[in-house]
Amino acid sequence: MFLSLVSALAFAAVLTDVSIADDTFNVQPFKIDLSSEVPHLLDLANKTRLPLKPLYPDAGLYKGIELDYLRKLQTALVGNFDWEAQQAALNEFNHYTVVIEGQTVHFVHQKSDDPDAIPLILLHGWPGSFYEFSPVIKPLTESWTSATGKNVSYHVVVPSLPGFVFSSPPPQNWTVDDDARIFNTLMSEVLGYSTFAVHGTDWGSVIGYSLYSTFTTTTRAAHFVFLPFFPPTAEEIAANNITLSEEQKVTLQRGTEWFSTGIAYFMEQENKPNDIGLALYDNPVGQLAWIGGLNERAEDPRAGTPPSVLNDTAFLTLVSLYYLTNTFHSSLWIYAQNPNGFRGTYTKANTDAPMLFSQFEYTNALWPQEYVAKVGNLVSYKFHDFGGHFAGLDNPPALIEDIREMGLYFDA
Ligand SMILES: *[C@@H]1O[C@H](CO)[C@@H](O)[C@H](O)[C@H]1NC(C)=O
Ligand SMILES: *[C@@H]1O[C@H](CO)[C@@H](O)[C@H](O)[C@H]1NC(C)=O
Ligand SMILES: *[C@@H]1O[C@H](CO)[C@@H](O)[C@H](O)[C@H]1NC(C)=O
Ligand SMILES: *[C@@H]1O[C@H](CO)[C@@H](O)[C@H](O)[C@H]1NC(C)=O
Ligand SMILES: *[C@@H]1O[C@H](CO)[C@@H](O)[C@H](O)[C@H]1NC(C)=O
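Residues numbered from 1 in each chain as written. Chains lettered and ligands numbered in written order. Predicted model: local features only at pLDDT ≥ 70, side-chain atom pairs only at ≥ 80, totals over all residues. Heavy atoms only, no water.

- Per an unreviewed UniProt entry, the protein chain carries the name Alpha/Beta hydrolase protein and comes from Mycena rosella.

In structure tokens form, the structure reads like this:
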């Protein structure tokens, strides 16, 4: 592997003493310490009043978050949530910050013991963060042997998107293509990985697809659970004579609901991120309400039971990371900054790198294989009847298995 002097220095800095002063990218080790913010969070959450009973008890999930669920989250947050334990668990990972193009970027870098491990970048979306990959990071660093005797392991890199949790908010004109460019720099120049694989979900799939289609010499395999192309409607699927399984019909039904009456949040965040961002800036229960209803409609109904670890504690951790870092507001801006981030017209990436796709039944969009094949060099399409939008939390074993499969196709 050829390393320029600059990247060799940066690489050495990451591996050894990260406090080297002349490091071009200023890589620094990082520990999460948000403990001093927690009393204010608990105090506000404790004082926030909710109605005693639902206004319309039969309104149901599809009119927004249900009061009983929100109250349960509030009660758990105030009385039964151990931030210190969550923080300690997150600090088990190796965290760093780096400055790329003036942006402070936080990332987890978990190296495999296997010198032949494949570099891998995992990209989250909204309302996610690096946290949603916690259950898969360490397993992916471990060696797995396929039925054909090939060993696969990964050096795992998980950045926080600019504007999310510990990464600084980008300039107003920043786009997902800028995210892709700085993440390509992170992998190839800061960490010295001349080629790598990418996994993306939600906005992370938009950024990951930008890497896959633009940085074709460095991005040598991609795995997605979401795409930057709007999923086809039921009518389009029927017009193309695509037959769906009963499980796929469940996903299509959820997607149809999401894209007809479920995208008010999307329009608000795209058009008026300051209204909702400032309204809920210092309102933890408000953030739980805004995000909790979305999560309720995009997770497996069995969430929190094995293999899902997406229980209330995990959800409170996800939202607390936004609240405690004061980045709920800045996280919303990715919608406003990328009005064409998701596209209506399918185009094929000009790359020979393999692409894999995993569809989880209870997420909020269905892409049949025929549609996924339009956008890349599709070598594997999987359907999982367990799990929703946060696959890393809602079905970690399936995500680990599918990302490992990517290693069988990876050809640096
Ligand atoms: C919540 O408020 C009640 C009533 O004022 C108080 O007794 C309790 O200690 C508070 N709990 C927290 C975690 O602040
Ligand atoms: C895979 O790893 C195992 C255990 O480390 C080793 O014995 C084996 O030789 C490896 N196989 C290949 C093809 O490298
Ligand atoms: C984006 O804004 C920054 C300042 O915030 C400016 O330096 C830069 O030139 C702008 N980029 C483009 C492409 O307009
Ligand atoms: C779908 O099937 C119908 C009836 O067999 C046929 O007329 C039509 O051309 C097919 N459409 C496509 C897009 O293949
Ligand atoms: C959620 O699961 C974790 C283990 O993944 C467990 O420690 C925690 O107690 C669970 N929380 C709830 C509310 O069940």
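**A short note on the overall build of the protein chain**
Move 1: Each helix and strand in the protein chain was counted, giving 17 helices and eleven strands.
Move 2: Relative to its length of 412 residues, the protein chain is compact, with a C-alpha radius of gyration of 21 Å against a globular reference of 22 Å.
Move 3: A principal-axis box enclosing the C-alpha atoms of the protein chain has dimensions of 65 × 55 × 40 Å.
Move 4: Across the 412 residues in the protein chain, those meeting the buried criterion constitute 58%.
Move 5: Counted over contacts in the protein chain with a minimum sequence separation of 6, partners at least 24 positions apart contribute 79%. (Helix = DSSP H or I, 4+ residues; strand = E, 2+ residues; numbered from the N terminus. Rg over C-alpha atoms; globule rule 2.2 N^0.38 Å. Buried < 20%, exposed > 50% of the residue type's maximum accessible area, 1.4 Å probe, protein only. Contact = heavy atoms within 4.5 Å.)

**A short note on the packing of aromatic side chains**
Move 1: What the rule picks out here adds up to 25 aromatic pairs.
Move 2: Ring geometry for tryptophan 126 against tyrosine 335: centres 5.8 Å apart, planes inclined by 90°, an arrangement best described as edge-to-face. Here the residue tryptophan 126 occupies a position in the loop between strand E4 (118-123) and helix H5 (134-141), and tyrosine 335 occupies one in helix H14 (residues 328-337), the gap between them amounting to 209 residues. For the pair shown, tryptophan 126 and tyrosine 335 are each scored as buried.
Move 3: Above the ring of phenylalanine 229, the side-chain terminus of arginine 343 is found at 5.1 Å from the ring centroid.
Move 4: A cation over an aromatic ring shows up here: lysine 374 above the ring of tyrosine 371, its NZ or CZ 5.1 Å from the ring centre. (Phe/Tyr/Trp six-rings, centres within 6.5 Å; stacked < 30°, edge-to-face > 60°. Lys NZ or Arg CZ within 6 Å of the ring centre and 35° of its normal.)

**Let's talk about the pairing of strand E7 (residues 154-159)**
Two faces make up the sheet, and in a regular strand the side chains alternate between them.
Move 1: Judged by how many residues are buried, E7 sits mostly within the fold: six of six residues are covered.
Move 2: Here strand E3 (residues 103-110) runs beside E7; their pairing, made up of four bridges, is antiparallel. When the sheet's bridge partners are listed, phenylalanine 107 is paired in E7 with proline 159.
Move 3: Strand direction decides the pairing type here: E4 and E7, joined by four bridges, are parallel. Bridge pairing in E7 places isoleucine 121 opposite valine 157. (Pairing = 2+ DSSP bridges.)

**Section: the environment of aspartate 300**
Move 1: Relative to the elements of secondary structure, aspartate 300 occurs in the loop between helix H12 (284-298) and helix H13 (312-324).
Move 2: You can call aspartate 300 buried: its relative accessible area is 0%.
Move 3: Among the polar contacts made by the side chain of aspartate 300, one reaches the main-chain amide nitrogen of glycine 387 at a distance of 2.9 Å. (Polar contact = N/O pair within 3.5 Å; in protein donor to acceptor, adjacent residues only side chain to side chain.)

**Side note on helix H9 (residues 246-261)**
Move 1: For H9, built from 16 residues, the straight-helix expectation of 22 Å at 1.5 Å per residue is met to within 8% by its first-to-last C-alpha distance of 23 Å.
Move 2: Buried within H9 are the following residues: Gln248, Thr251, Leu252, Arg254, Gly255, Glu257 and Trp258.
Move 3: Contact partners of the buried residues in H9: helix H8 (234-239), helix H10 (264-271), H12, strand E10 (354-360) and strand E11 (377-384). (Expected span 1.5 Å × (residues − 1).)

**Digging into the pattern of salt bridges**
Move 1: Within this structure, the stated rule accounts for nine salt bridges.
Move 2: A salt bridge links aspartate 300 to arginine 302; its shortest N-O distance comes to 2.9 Å.
Move 3: What makes arginine 302 partly exposed here is its relative accessible area of 36%.
Move 4: Between glutamate 405 and lysine 382 there is a salt bridge, with the nearest N and O atoms lying 2.5 Å from each other. (Salt bridge = Lys/Arg side-chain N within 4 Å of Asp/Glu carboxyl O.)

**Some details on unusual backbone geometry**
Move 1: Backbone torsion omega between tryptophan 126 and proline 127 reads 5°, so that peptide bond is classified as cis.
Move 2: Note on placement: proline 127 falls in the loop between E4 and H5.
Move 3: Of the consecutive residues proline 306 and proline 307, the connecting peptide bond is found in the cis state with omega at 5°.
Move 4: Note on placement: proline 307 falls in the loop between H12 and H13.
Move 5: Located in the positive-phi region is asparagine 26, a residue other than glycine, with phi close to 50°.
Move 6: You can see asparagine 26 is positioned in the loop between helix H1 (5-15) and strand E1 (28-30).
Move 7: Phi at asparagine 326 takes a positive value of approximately 55°, unusual for a residue other than glycine.
Move 8: Tracing the sequence through the fold places asparagine 326 in the loop between H13 and H14.
Move 9: For asparagine 326, a relative accessible area of 34% translates into the label partly exposed.

**A closer look at the layout of surface pockets**
Over the atoms, a rolled probe matching the size of one water molecule traces out where space is still vacant.
Move 1: Estimated volume of the largest pocket: approximately 340 Å³.
Move 2: Residue lining of the largest pocket: 17 residues in total, with Pro54, Tyr56, Ile65, Glu66 and Leu67 positioned closest to the centre.
Move 3: Among the elements that take part in the lining of the largest pocket, helix H3 (residues 67-80) stands out by supplying four residues, more than any other.
Move 4: Looking at the lining of the largest pocket residue by residue, the classes come out as ten nonpolar, two polar and five charged.
Move 5: Considering only enclosed or pocket space, the second largest pocket measures out at about 230 Å³ in volume.
Move 6: Along its surface, the second largest pocket is lined by 15 residues, and Gly64, Ala264, Tyr265, Leu294 and Arg297 are the ones closest to its centre.
Move 7: Of all elements in the fold, only H9, H10 and H12 reach the threshold of two or more residues within the lining of the second largest pocket.
Move 8: Considering every element that reaches the lining of the second largest pocket, the biggest residue donor is H12, with five residues.
Move 9: The class makeup of the residues in the lining of the second largest pocket is eight nonpolar, four polar and three charged. (1 Å grid on protein atoms, 1.4 Å probe; cavity = no way out; pocket = protein on both sides within 12 Å on 5 of 7 lines; lining within 4 Å. Points joined across faces, edges and corners; volume = space filled by probe spheres on them. Nonpolar A, V, L, I, M, F, W, Y, C, P; charged D, E, K, R; others polar.)

**Structural notes on a nonpolar patch on the surface**
Move 1: A surface patch of nonpolar side chains, amounting to about 210 Å² of accessible area, comprises Val379, Leu408 and Tyr409.
Move 2: Judged by relative accessible area, leucine 408 falls into the partly exposed class, the value being 33%. (Patch = residues over 30% accessible without salt bridge, like charges linked within 9 Å, V, L, I, M, F, W, Y side chains within 5 Å. Areas by Shrake-Rupley, 256 points an atom, 1.4 Å probe, with all protein chains shown as cover.)

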